[in-house]
Structure formats: structure tokens, C-alpha cells
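Observations on chain architecture
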Amino acid sequence: MGENIPAAPEDPRERTERLLALDRAHLWHPFTQMQGWIEPAEGDEPVIIDHARGAWLFDTLGRKYLDGVSSLWVNVHGHRKAEIDSAIRLQLQKVAHTTLLGLASPPSIELAAELVRRAPHFEGQPQLNKVFFSDSGSTAVEVALKIAFQHWRQRGKPRKARFVALGQAYHGDTVGSVSVGGMDLFHQIFQPLLFDVLRVPTPYVYRWPTGPRHCLESAALAAEAVISGRRDEIAAVVLEPLMQGAAGMIAHPPGYLRRIAKACRDNGVLLICDEVATGFGRTGSLFASEQEEVVPDILCLAKGLSGGYLPLAATVTTDAIYESFLGPFESKKTFFHGHSYTGNPLACAAALASLRLFDEEGTLAHVRQMAERLAAGLKPLAKLKQVGDVRQRGLMIGIELVKDRATKEPYGYGDRMGHRVSLAARKRELMLRALGDVVVVMPPLSIAPAEVDLLLEALHASVKEATEG
Ligand SMILES: *Cc1c(COP(=O)(O)O)cnc(C)c1O
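Let me sum up the structure you'll find in this document. Just so we're clear, the structure is a prediction, and the values are computed from it rather than from any experiment. (Residues numbered from 1 in each chain as written. Predicted model: local features only at pLDDT ≥ 70, side-chain atom pairs only at ≥ 80, totals over all residues. Heavy atoms only, no water.)

Side note on the overall build of the protein chain
Going by this rule: Strands here mean DSSP runs of E at least two residues long; helices mean DSSP runs of H or I at least four residues long; both are numbered from the N terminus. Between the two quantities, the radius of gyration covers C-alpha atoms and the globule rule is 2.2 Å times the number of residues to the power 0.38. Think of it in three bands: with a 1.4 Å probe and only protein chains considered, a residue is buried below 20% of the maximum accessible area for its type, exposed above 50%, and partly exposed in between. Contacts: residue pairs with any heavy atoms within 4.5 Å of one another. Note on areas: Shrake-Rupley, 1.4 Å probe, and residue coverage restricted to the protein chains presented here.
Check the secondary structure of the protein chain and you find 15 helices and 16 strands. The C-alpha atoms of the protein chain give a radius of gyration of 23 Å, which matches the 23 Å a tight globule of 469 residues would have. Summarising its shape, the C-alpha atoms of the protein chain cover approximately 70 × 65 × 45 Å along the three principal directions. Here the protein chain holds 469 residues, and the buried ones make up 51% of them. Of the contacts formed within the protein chain by residues at least 6 apart in sequence, a portion of 72% connects residues at least 24 apart. A total of about 21,900 Å² of accessible surface is found on the protein chain, and carbon and sulfur atoms cover 56% of it.

Dropping the structure here:
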């Protein structure tokens, strides 16, 4: 009998101390200087998130925070969304996981069909029709690169083996996706491990060397020259459409994606759109490429795909690409790639529920309304002395802080200005994570108007406190 009496709940402070000690002892956090983590500066003590609801996170000490970056850009309809919770529970009553290697499963079949139905679709362009599942943004890109490479080999064009990527690209952290990445801070050290990539300039309007007005034309011309000049060597161009996330929320000039897509089509080069960050409503349309009426040959999806619930990714391609992998068994044209948890049924069930919510709740219309509200509220912030540039596409926002507005001189790496804003925001119940000097704002798509207002107020005060002292 005795063992059924529940133990007295642990005191929150004691529990937090116990967990923090274990965390310091055993956990290695991603993209984190662990020395600063285990010996934190005042105000930078680790926070342990215990639970969440809607747009709010709650820590083990009972403090709450608005989830200003959607738990690293993944959350869509808020935390503990009843419809997604119950879809997972329902699937759990059947099975948690079975393999897609040689077997099929209902949730992955239904989700593949649903993704194809909702993928960008425009008259006269190739149609995305085949879905290859994996489990992270990095693997979605890795799969896209390998598919593009193998596709040309099996089409008798083995010379078409190189990739074109943007200067400051970020496509994930596995070695293939790091190869197409171009962020020196993250990628430089791995250079000897990487394959060689053709670089074209990032269309970074704010910092375009000859001035913002020239960015679109010069960047597009430079890319077109590479694509047409080396078409026989190029397998594919890979880029993030409309907005480069991890590079610092770099918004492309309108028209850029369409120019690149046309150059690819005209030159027999595949276009891979990495919509890992921009996909699933983030920029105001279900997929960012739609806004320039572009259908890529390969579309990479992850982050918001499962509503931010479970690791799931998809690489979506055209029939033409898929068909170059068909042949008799002995032809060895098989795509020899797959992960243990590919197409996990729980994750697929969550994704299906998330997609249904887009229809039932009019999520895209809501995103556009909240994006307008944010845009209006960001105007006073843009006037602050240390704010160089405010970039927004839907609910994907970057605020670039600069030491000197006139010269656009950046802060030093050690100043950690973006991080200082995040710490100031934390005191105001707003959880952020910056990218260098770029403050990132990416709330769940379901954020309510009153929460947008709270976010704006906390953000403004935090930027002021960090930059003006
Ligand atoms: C986050 C991200 C990735 C990597 O996704 P992971 O799930 O972290 O591996 C790739 N591409 C883009 C555009 C991303 O934002």
C-alpha cells in the first residue's frame, strides 16, 4: 500500500538546483559556449522550462515567458494545442513507430498526399509530387543534395555535380548541409571536411556594397552569370526563399527568387528551396516560394512541419526527378538513403493535425493580421539610435543593431549586443534568442493581438536598456 502514496512534491527551488547541478554535470547544449553556461554571469543563469501553454513557457520556478522565437522557430499553433495533442494520443493507441524501409504506415501516406496537395503549384511549372521523409532540417537538405547529385548521374550527365549557394547561407549542421552553408562563424573550422561550392552573393539589401538600390539587379546578375556560365557543371542552386533565417534574418529584395528560378529553368539547373524556416505560414503564405510564384524542383521542409511537436522533415520533389531513380533492381538506381525514424507515425499524425488547423483556424489570415500589427508597432523601435535595420516577412523578423547608425558599423563579437537584448527581455517575461547583433522575433503563428502588444512593449524596453544602458 505504502508505495502508492504520492511523495510530497519537491520544493521548486530544490528541484531547480538539483536539475541545474545535473545539467552542468552531464548536458552539452547546442550552439552554446558551455564555459559561460556552467559559470553564468549575473542575469544569465540557465532557465529550465517545465511546461508551456499557447504562446507561454513556464520554468521550474514558476516564472512565465512569452515564447518570442517559437522554441527555436518550430512552434506554429501554440504549445499543448488540444487538436495536436489528441492526434498524437490517438496514434499512440495504435503504434509509436514502425519503419518506412520496406513497409508503409497510414500517417506517412496521408501526410505525403497532404503535403503534395498543399505544395506551391503554378501553371506551366513542374509539379511537386513525391515526398521523402527524414527527421531534421539538416537531413531534409542533405537528402535534397544527394537526390540532385544522383539524379544527374542517372540522367547521363555526371559532370553536373556542383552546387550553387548564397554567400552567407545556412542549411543545417550535418557535413553536406554545412558544405552548402557559408557562415564563417559556424562553418569555417570544418572547411577541410567540406565539398566545394560555387558562391553567389547574398542579396543583403541593407549592407549591399554599392547601396541598397542596386542590390536586386547586381545580385541577380551575378547569380545568373554563374548559373548560365557553368550550367554544365551545376547540379542545383540551393537557397532559402525570401528570407535567410540563421544568416541574420536577411530579407531578399522582391523579385530575386523569381530571377534565380528563371535562370535555373533556362539553364537546366535544379532549384532547391530550403523552406525549413520559412515554410508553414511563417512568411504569411503556406510556403514563401508562392509569393514569387515559384515552384522549386526540390522543396525542403522541417521545423514547423509537425507544428513544432516532434522531429520530422520532408524533401519534396517532382516526378521527373523521382523517375530518374526508377529501373530494374540490378540497375542500382535506388536512392540508398534513410534514417531509423524516417516518417515516424507520431510525428506524421502531429503534422496532419497541424495542417488541418491551418484550414479550421484560418491561420494564414491570422498571420497576416498579426504581421501588420507587429509592423506598425515596430515603427517607433526602428527610430532608436542603435537600430540599423528592421526586416520583416510575416511573423519572421530581424532587428539589426549597430554601433553606429550612420556608418552601419557593427558591434564587436564580444559585445554580445543581441544576447544582452535577450537577457533584458527575459526580465520582462519575453524569451528571445538573437543571432549575433540581430534580434530575432518569431512568435508562434497563433499569437494573440494582446500578446503581440506585450511583446512589442518588452522588446522596445529591452533594446533601449541593452543599447543605451
Ligand atoms: C534550422 C534550419 C535548418 C536545419 O534544421 P535542423 O532541424 O536544425 O537540422 C536548415 N535550413 C534552414 C533554413 C533552417 O532554418
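Structure's up, so let's keep going.
Details of the site of the ligand
Applicable threshold: Nearness here has a simple test: a residue counts as near a molecule or strand if at least one of its heavy atoms is within 4 Å of that partner. N or O atoms closer than or at 3.5 Å make up a polar contact, with two conditions inside protein: a donor-capable atom paired with an acceptor-capable one, and, for residues adjacent in sequence, both atoms drawn from side chains.
What surrounds the ligand is the set Trp73, Ser136, Gly137, Ser138, Tyr170, His171, Gly172, Glu240, Asp274, Val276, Ala277 and Lys303. Serine 136 is positioned such that a nitrogen or oxygen atom in its side chain is 3.4 Å from an oxygen atom of the ligand. The side chain of serine 138 places a nitrogen or oxygen atom 2.6 Å from an oxygen atom of the ligand.

Side note on the pattern of salt bridges
As a reminder, the rule being used: The term salt bridge refers to a pairing of a side-chain nitrogen on Lys or Arg with a carboxyl oxygen on Asp or Glu at a separation within 4 Å.
Counting across every chain of the model gives 22 salt bridges. For the salt bridge of aspartate 319 with lysine 130, the shortest nitrogen-to-oxygen distance reads 3.9 Å. Here lysine 130 lies in strand β4 (residues 128-134) and aspartate 319 lies in helix α11 (residues 319-323), a separation of 189 residues in the sequence. Residue lysine 130 is classed as partly exposed on the basis of its relative accessible area of 26%. Glutamate 233 is paired through a salt bridge with arginine 162; the nearest N and O atoms lie 3.3 Å apart.

The values reported here are purely geometric and, on their own, carry no functional implication.
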